[in-house]
Amino acid sequence: EATAETYEFEAEVSKVMDIIINSLYSDKDIFLRELISNASDACDKKRFLSITDDGSEGSYNGRIRLFMDKEKSLLTIEDNGVGMTKKELQTNLGKIAQSGTKMFTEALGTGADATNLIGQFGVGFYSAFLVADKVTVVTKAQGEPQLRWESKAANKYTIAEDNSEPIEGSGTRLILTLKEDADKYLDNYTIRDMLKRYSEFISFPIELWTEKTEYDTVPDPDAEVKEGEEPPTKTVPRTTNVWETVNVAKPLWMRNPKDVSDDEYNEFYKTTFKAYDTPDAHVHFSLEGQVEFRAMLFCPSTVPWELSQDMFNDKVHPMKLFVKRVFISDKFEEQLLPRWLSFLKGMVDSEDLPLNVSREILQKSKVLSIISKRLVRKALDMFDEIQKDEEKFARFVTNFGRYIKVGVIEDQDNKDTLLKFASFASSESNDKTGTTLPDYVKRMKEGQKQIYYISGSSKAAASQSPVLERLKSKGYEVLFALDQIDEIALQGVGKFKDFDVIDASKENADLGEKSEEEKKQEEAAKEDLKPTCDFIKKVLQSTVDRVEVSSRLTASPSALVQPQWGMSPQMQRFMKAQAA
Ligand code: ADP
Ligand code: MG
């Protein structure tokens, strides 16, 4: 027996284990999902490493095996993935990688479902302690000695060299010594059921050690043997144990969309992206021809946790890239989606990229830009679908409206399509959904030649603006840019369907046609009020550019307006904030 070295868990780990055990005690089952997902990740990594230098797929066949020993109360989950070195055991199973307890507890505090948080926060392994008194990890990285990590929770673990049954090549054998009240996980049917639920979309075979009764045909010693005839036989039952594959390891995206149910898509989304909402829409499509690939996109129905803190969080990788069914990466700088679509989740499986695709290849690849263009088009189709459902669209606007406006600003090619989904508050729309430009145009009055907007800190403040008086009197609708992004987006539109989109507070705004009569009155007023204007300019000096007589006002005596090319007060505040 090799001597074991004792280590202490990082304080964070002990805290997280406490949280997991205390918040998930009624949901113990999820330990299996987490441990199978780790085994599958390890196989993904191994498969990726086994790609040969010439870029062809190696002969690696990943698999995950489960074995229950009722007498000793052991549940073993074994994979032939990458395994871990001593150093990796210490960092992966003794420390908390990125997020830490603080974020974990914060997320829990927001009322998020704890069972789904653990997968997202990189602490899934510790869920083993929900059902086990003792967790043993026998593991071997390629070319490294076989090691045994062991812990009975609390705050310590040990690492020793291991000479139990050797692991071939590399892999990990996780042995759970089950708690007394967790003996149901020794039952073949229970585990099989759970695997069906949690592991349907694992792309490696999951094999369960299962008792099978087979029937052998043997000569029947009791029967009479007749001359010239075959000797009589009988069948006898024989009980054996076999590795029985319990999942269909065919990737969902390889199936015909017609044969996949919404439930299956939703489950795939949850498993693959560690999400807990039901997506509001999905697309599943393929492209054949010079560039060949299959892809799926999902639109979440809630704002993913990481994005709720930071709209363009660069730790969020919305797309997973596969090459010929092999998972390559979800962390590459060459994004498959423009950043204004970073709230989506999806995957691409390319037939054209080499398996050993590198950053340089991705950078140069025309394939990637073709894929990316097509993904954007399909995303827009998906938003069309969402818009047909009022409830979903309202949710979409609240959750992701800002991304769409960033798209309006950053994606000139798709600007007009995106404007169908960009929603703004307006003098005529209800507060929940606001209005889109196409809807605005439908409501335009006879003779109205421009689309008007005005910026302000709130709808109430914006609609008080004296500048709007003339528009109001004409019954023209006004959009309210209540957010900096609204203003930047509307400013950039230029023309929408032949109509100029203009800031009503700018001096060039044509606020409706004037009659001859009105024009005459205006001229007269200009004459009359010249001394007044001169006086005001003298008092205000350089705080204003000019003081002029205006025909925009009906009830108020004066209004501050912006020069045609000037920045609105809202924009000025924004620029100041950016510079600070
Ligand atoms: P996550 O899977 O989100 O990274 P976990 O707590 O589930 O977080 O696992 C922590 C780390 O431990 C993994 O990232 C991986 O490096 C390592 N690990 C866990 N299980 C295995 C395994 N079966 N084979 C190899 N490495 C593993
Ligand atoms: Mg995990």
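Residues numbered from 1 in each chain as written. Chains lettered and ligands numbered in written order. Predicted model: local features only at pLDDT ≥ 70, side-chain atom pairs only at ≥ 80, totals over all residues.

As annotated in an unreviewed UniProt entry, the protein carries the name Histidine kinase/HSP90-like ATPase domain-containing protein and comes from Prymnesium parvum. According to its UniProt record, the protein has this under Sequence similarities (unreviewed entry): "Belongs to the heat shock protein 90 family." (UniProt positions renumbered as here; feature names shortened; annotations may be inferred.)

Asker: Give me the overall build of the protein: which residues, what numbers.
Answerer: What the protein contains, in helices and strands, is 18 helices and 19 strands. In terms of overall dimensions, the protein is more spread out than a globule: its C-alpha atoms have a radius of gyration of 33 Å, far above the 25 Å expected for 580 residues. Dimensions of the protein along its principal axes, counting C-alpha atoms only, are 130 × 65 × 45 Å. Here the protein holds 580 residues, and the buried ones make up 34% of them. (Helix = DSSP H or I, 4+ residues; strand = E, 2+ residues; numbered from the N terminus. Rg over C-alpha atoms; globule rule 2.2 N^0.38 Å. Buried ≥ 20, exposed ≤ 12 C-beta atoms within 10 Å, placed from the backbone.)

Asker: Explain the sheet that holds strand β14 (residues 345-350) to me, and be specific about the residues and the numbers.
Answerer: A sheet is described by the order of its strands in space; here five strands give the open sequence β10-β11-β14-β12-β13, paired in mixed fashion. Of all strands in the sheet, those with a lone pairing partner are β10 (281-287) and β13 (326-329), marking the two edges. When strand polarity is set aside, the average angle formed by the axes of neighbouring strands in this sheet is 20°. In this structure, strand β12 (residues 319-323) lies alongside β14, joined through five bridges in parallel fashion. Bridge pairing in β14 places M319 opposite G346. (Pairing = 2+ DSSP bridges. Axes fitted to C-alpha atoms, helices over the stretch in contact; angles between N-to-C directions.)

Asker: Can you explain the nonpolar core? Please cite residues and give values.
Answerer: In this structure, Y452, Y453, V478 and F480 are the most contacted members of the largest nonpolar core, which totals 76 residues. In this structure F480 touches F424, A425, S426, Y453, I454, G456, K459 and A462, once residues within four positions along its chain are discounted. Judged by nonpolar contacts, the second largest core, of 57 residues, contains L89, Y157, Y198 and W305. (Core = buried A, V, L, I, M, F, W, Y, C linked by C-beta atoms within 7 Å. Contact = placed C-beta atoms within 7 Å.)

Asker: Residues and numbers for the site of ligand 1, please.
Answerer: Inspection of the region around ligand 1 gives 17 residues, with N38, A42, N92, G124 and F125 positioned closest. If you list the elements that add at least two residues to the shell around ligand 1, you get α2 (30-49) and α3 (86-94). Sort the elements by how many residues they give to the shell around ligand 1 and α2 lands first, with five residues. Taken together, the residues of the shell around ligand 1 break down into seven nonpolar, seven polar and three charged. (Near = placed C-beta within 6 Å. Nonpolar A, V, L, I, M, F, W, Y, C, P; charged D, E, K, R; others polar.)

Asker: Any chance you could break down the sheet that holds strand β3 (residues 74-79) for me, citing the residues and the numbers?
Answerer: Hydrogen bonds between backbone atoms are what pair the strands of a sheet, whose relative direction is either parallel or antiparallel. The nine strands are arranged β1-β6-β5-β4-β7-β3-β2-β8-β9 in an open sheet whose pairing can be described as mixed. Strands at the two margins of the open sheet, each flanked by one partner only, are β1 (5-8) and β9 (233-245). With direction set aside, neighbouring strand axes in the sheet form an average angle of 25°. Note that strand β2 (residues 64-69) and β3 share six bridges and pair antiparallel. Across the sheet, residue I64 finds its bridge partner in β3, namely D79. Strand contacts of helix α6 (residues 188-198): β2 and β8 (206-219), with the helix running at about 125° to β8, the strand carrying the most contacts.

Asker: So, the pairing of strand β16 (residues 450-455): which residues are in play, and what are the values?
Answerer: A large share of β16 lies buried, amounting to five of its six residues. Inspection of the sheet shows β16 paired to strand β17 (residues 478-481) by four bridges, in the parallel sense. Each bridged residue has a counterpart across the sheet, and for I454 the counterpart in β17 is F480.

Asker: Got a sec to walk through unusual backbone geometry? Specific residues and values, please.
Answerer: Backbone geometry at K274 places phi at a positive 50°, although glycine is not the residue there. Mapped onto the elements, K274 comes out in the loop between α7 (262-273) and β10. Residue D498 is not a glycine yet carries a positive backbone phi of 70°. You can see D498 is positioned in the loop between β18 (495-496) and β19 (499-503).

Asker: Can you break down α6 residue by residue, with the values?
Answerer: If you check which residues of α6 are buried, you get I191, L195 and Y198. Around the axis of α6, the buried residues are gathered within 80° of arc, so they sit on the same side. Looking at α6, the residues exposed on the side facing more than 90 degrees away from the buried face are Y189, K196 and R197. On its buried face, α6 is in contact with α2, β2 and β8. (Arc of directions from axis to C-beta.)

Asker: Explain the packing of helix α11 (residues 390-410) against helix α16 (residues 484-493) to me, and be specific about the residues and the numbers.
Answerer: Interhelical geometry of α11 versus α16 gives an angle of 35° and a closest axis separation of 9 Å. The two elements α11 and α16 meet at a crossing, and its hand is left-handed. Contact residues: R402, K405, V406, V408 and I409 in α11; I485, D486, I488, A489 and G492 in α16. Its residues placed into classes, the contact of α11 with α16 shows six nonpolar, one polar and three charged. (Left-handed = near helix turned anticlockwise from the far one by under 90°.)

Asker: Could you give me a rundown of the confidence of the model for the protein, with the residues and numbers involved?
Answerer: With 92% of its residues at a pLDDT of 70 or more, the protein shows a mean pLDDT of 87. Confidence metrics for the complex model read pTM 0.73 and ipTM 0.99. (pLDDT = per-residue confidence, 0-100.)

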